[in-house]
Amino acid sequence: MKKTPTEYPLLALRGLVVFPKSSISFDIARPKSVTALETALTNNKEIFAVSQLDAENEEVSQSNLCKVGTICKVTQVFRQPNGRIRVIVEGIKRAYLKEYIDSGEMVTCTIDEFEEFQVPRLSMELTALLRATQELFEEYAGYLAKLPADVIFEILTFSSNVGRLADLIGIHSLIKYDEKQRILEQPDEIQRLSVVNEILSREIELLKMQKEILEKVKTNMDKVQKDYYLREQLKVIQEELGEKDGLAQDVREYRQRAENMELSEEATKKLNKELKRLERIQAMAPESGGIRDYVEHILNVPWNKFTKENKNLKNAREVLDKDHYGLEKVKERMVEFLAVCQTAPKQNAPIICLVGPPGVGKTSIAKSVAKALGRKYVRISLGGVRDEADIRGHRKTYIGAMPGRILYAMQQAGYSNPLVLLDEIDKMGNDFKGNPAAALLEVLDAEQNHAFRDHYLEVPYDLSNCMFLCTANTTEGIPPALIDRLEIIKLESYTDNEKINIAKKFLLPKQLERHGITKSDLKIKESAIEAIVSDYTKEAGVRRLERHLGELCRKSVKAKLLNEVIGEKKKAVTITSENIELFLGNKKVKADKIFKEPQVGICRGLAWTSLGGDTLSIEVNSMTGRGNFELTGNVGDVMKESAKAAMSYIRANYEKFGLSQNFYRVNDIHIHIPEGAVPKDGPSAGITIATAMVSALTNVPVKNNIAMTGEITIRGRVLPIGGLKEKILAAKKAGVVKVIIPNDNADDLNELDEYVKKDIEIILAKDMDKVLDCSLAKTKE
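This one's a predicted model, so the numbers in the text were calculated from it and none came from an experiment. (Residues numbered from 1 in each chain as written. Predicted model: local features only at pLDDT ≥ 70, side-chain atom pairs only at ≥ 80, totals over all residues. Heavy atoms only, no water.)

Caption draft 1: Geometry of the sheet that holds strand 7 (residues 351-355). The sheet built from five strands is open, its strands ordered 8-9-12-7-13 with parallel pairing. Two strands lie at the open edges of the sheet, namely strand 8 (377-381) and strand 13 (486-490), each paired on one side alone. Along the sheet, successive strands turn relative to each other by an average axial angle of 25°, direction set aside. In this fold helix 12 (residues 362-373) packs onto strand 7, strand 8, strand 9 (419-423) and strand 12 (467-472), with an angle of close to 175° to the strand it touches most, strand 9. Strand contacts of helix 15 (residues 436-444): strand 7, strand 9, strand 12 and strand 13, with the helix running at about 145° to strand 12, the strand carrying the most contacts. (Pairing = 2+ DSSP bridges. Helix = DSSP H or I, 4+ residues; strand = E, 2+ residues; numbered from the N terminus. Axes fitted to C-alpha atoms, helices over the stretch in contact; angles between N-to-C directions. Contact = heavy atoms within 4.5 Å.)

Structure follows, in structure tokens:
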């Protein structure tokens, strides 16, 4: 068949686009395409190549062909053994598909020439578009490693025909064939370059996203590969160390430890449940650490593991006597307690609470009891505890959960029957997190503590084999529900004589050993110890006394090494009452000595503080005025009430004192207690305030060698007080020879040592009449 000049064999391309002035190779297999190729070869080798709209469709029709194709020249043909034909064509020019002719054997077509609108010269706008497109292609090429360097160089240096530049980018870009077809169909060179610019911009964004995704995948893959590599290394290391199974080996060790312990039935079930969970999870799983911690805690708690108890009461008495001077009643009570515990070990014995000022030996007595019994000693400090979880533990759902202080103390002891000291039980607080004192009820109650449940372990633990002792400075801070389960044993202040003996027998030898010196290096005379007790300490216990002895040891060592005090012939430092100020400085305590003569409106009272007893001078002035009543000196509410009660008593008995009925309206009364910076409170100063007020109002002086203590009522009765021993010792130190106390405290005198009552007259008073008769220098006529 002879074809017209505008009629060409049609070759339908699937997924390919041929650009002018470019060569491309592809395979031909469809019969009509093979016939069209052979027809072209027999004529002028020209053929019209046009892309299909649907590349998957085997059938060729005009509706499935693009409107624009390329007139091509067949340059080479390769026939393959499988029947396929490999052909290389070279694009000549663009053309429109005009008429589609299907003869059955092949497809031909007529075309129209494609008129391209070329730009005669580059404007500034077109130059900017050209450069922008080249920059986009450079960025695009940076994401692709497949583009040849010479192609990239050609495109980036191209500066003449913008249409040809667009075709080059379309040829060498890895874009879809439909995007290439868009470039082919553009007759306007400027519009063609704009389309290329748009396509490159979109491709760059896609490549950026693709790169980010690949980097994330690579990072994750690297981490997985690293973890795998490390696990393989760990397996090899464990095999070299004989730990072939890793986590399984740990679980076996836990089970072995559990078998060697006598866990309770419920604890065994809980432990086995946790170990099964541990076996099912990976070793690197986050929850494995929490399970391991729980298993370690439950295995570290002693279960039915006991120390052998020493039941020799003589040994207990000897240990207590060796470690403590004095405190005979306390030591006797402790021996009785131990004796009953041996004869009836399962009795619901009360929990002993040692109450006394700081430094009197509460903690050391607990240590001595533990040593005498052969039990492990554990101390739990409760000062400042405000959270119930400190006692019962935290629940496992919380991050960082752990057992409470009770079970932690059991882990420290390592045995099920230690002596547990609950120290500073009066200094617990409570807030929105719970009341720790209430949690202690289960610990100390013998009816409950055999099945104590810690929130962390969640299994009952038997605390009934433990011996609990408590310490407190006062009973005021202990909740009533808790104090009901305690037996209070009070440790009173030490007398000066007791402090001196304690220093000589216990404190000084300990300090000499602690500082690495002997008695031949440092000699402290008894007079020096007496001076420290009287002039440098003001306390109920002996802590400050021990601190001063340690200071003497330090300074004597320094003096000896520097040859400051001792001469060549002296081999030891000797400290006496005469030279003690060279070591300790000026006297720290100045006793409030009695006045030389009786004073009007000044009466000496006796007070109890946490440091022991002290004297309290109360001064009263009565002035003509308008009935103002003032109380100063940093006093508390209870002392203010005592002053008001004293005023009511005097007003009710004004005739007895020779006062006018309206004396309180025409006189201003000012009560002052010196040392205003020190808080003062308590009812025991009631009779002292009343005596000073009567003295000031009647102008009758109070005896200077007398002191008193007692609570007053508005009817003049004298009520009992506490801290009698400490108050009498303070009166002796101040030079007082007579002390007035409430008549109801007569029984307390029988418990005082003779040393305390020696050289002092104690007067018992039921009411204010007796107090005034004994305290005023003379009565008003």
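Caption draft 2: Inspection of the side chain of glutamine 186 at higher detail. Secondary-structure assignment places glutamine 186 in the loop between helix 5 (177-184) and helix 6 (189-241). The exposure class assigned to glutamine 186 is buried, which follows from its relative accessible area of 18%. If near-sequence neighbours (up to four positions away) are discounted, glutamine 186 is found in contact with Phe114, Gln191, Arg192 and Val195. (Buried < 20%, exposed > 50% of the residue type's maximum accessible area, 1.4 Å probe, protein only.)

Caption draft 3: Examining the environment of serine 194 more closely. Counting through the fold element by element, serine 194 comes out in helix 6. A relative accessible area of 28% places serine 194 in the partly exposed class. The spatial distance from the C-alpha of serine 194 to the C-alpha of isoleucine 183 is 9.5 Å, given a sequence separation of 11 residues.

Caption draft 4: A look at helix 17 (residues 496-514). The largest bend along helix 17 reaches roughly 50° and is located at alanine 503. Against the buried residues of helix 17 lie strand 14 (522-524), helix 18 (526-535), helix 19 (543-562) and helix 24 (724-733). Where helix 17 ends, the next residue or the one after it, glycine 516, has phi of about 70°, a positive value. (Bend = angle between axes of the 7 residues up to and from the residue.)

Caption draft 5: Focus on the layout of surface pockets. If you add up the space inside the second largest pocket, you get close to 730 Å³. As for the second largest pocket, its lining consists of 26 residues, and the residues nearest its centre are His324, Gly361, Thr363, Ser364 and Lys510. Only helix 12, helix 17 and helix 19 provide two or more residues apiece to the lining of the second largest pocket. Here the lining of the second largest pocket takes five residues from helix 12, the largest share from any one element. Among the residues making up the lining of the second largest pocket, the classes are represented as nine nonpolar, eight polar and nine charged. (1 Å grid on protein atoms, 1.4 Å probe; cavity = no way out; pocket = protein on both sides within 12 Å on 5 of 7 lines; lining within 4 Å. Points joined across faces, edges and corners; volume = space filled by probe spheres on them. Nonpolar A, V, L, I, M, F, W, Y, C, P; charged D, E, K, R; others polar.)

Caption draft 6: Geometry of empty space enclosed by the protein. Enumeration according to the criterion identifies two cavities of 30 Å³ or more in this entry. The calculated volume of the largest cavity comes to roughly 100 Å³. As for the largest cavity, its lining consists of 13 residues, and the residues nearest its centre are Phe595, Ile602, Arg604, Lys703 and Asn704. The greatest single-element share of the lining of the largest cavity, amounting to three residues, is contributed by strand 16 (residues 602-609).

Caption draft 7: Structural view of the pairing of strand 12. In terms of burial, strand 12 is largely enclosed, as six of its six residues are buried. Where burial is concerned, the two faces of strand 12 agree: the one with Met467, Leu469 and Thr471 and the one with Phe468, Cys470 and Ala472 are both buried. Pairing of strand 7 with strand 12 involves four bridges; the strand directions are parallel. If you follow valine 355 over to strand 12, its bridge partner there is alanine 472. Of the strand pairs in this sheet, strand 9 and strand 12 are connected by four bridges, and their pairing is parallel. Its bridge partner being in strand 12, leucine 419 is matched across the sheet by methionine 467.

Caption draft 8: Looking closely at the packing of aromatic side chains. Scanning all chains against the criterion turns up six aromatic pairs. Ring centres of tyrosine 649 and phenylalanine 657 lie 6.1 Å apart, and the angle between their planes is 70°; on these two criteria the pair is classed as edge-to-face. Grouping residues by exposure puts tyrosine 649 and phenylalanine 657 together as buried. The ring of tyrosine 415 has lysine 305 lying over it, and the distance from NZ or CZ to the ring centre is 5.1 Å. (Phe/Tyr/Trp six-rings, centres within 6.5 Å; stacked < 30°, edge-to-face > 60°. Lys NZ or Arg CZ within 6 Å of the ring centre and 35° of its normal.)

Caption draft 9: Representation of the pattern of salt bridges within the structure. Within this structure, the stated rule accounts for 33 salt bridges. A salt bridge links aspartate 167 to arginine 192; the shortest N-O distance between them is 3.6 Å. One end of the pair, aspartate 167, is in helix 4 (residues 162-172); the other, arginine 192, is in helix 6, with 25 residues separating them in the sequence. No difference in accessibility class separates aspartate 167 from arginine 192, as the two residues are buried. Of the charged contacts in the structure, one is a salt bridge between aspartate 423 and arginine 379, with a shortest N-O distance of 2.9 Å. Here aspartate 423, found in strand 9, pairs with arginine 379, found in strand 8; they are 44 residues apart in sequence, far enough to count as distant. Here aspartate 423 falls in the buried class, since its relative accessible area comes to 5%. When its relative accessible area of 42% is taken as the criterion, arginine 379 is described as partly exposed. Residues joined by salt bridges that share partners form a network here, namely Lys270, Glu274, Arg277, Lys396 and Glu458. (Salt bridge = Lys/Arg side-chain N within 4 Å of Asp/Glu carboxyl O.)

Purely spatial values, then, with no claim about function.
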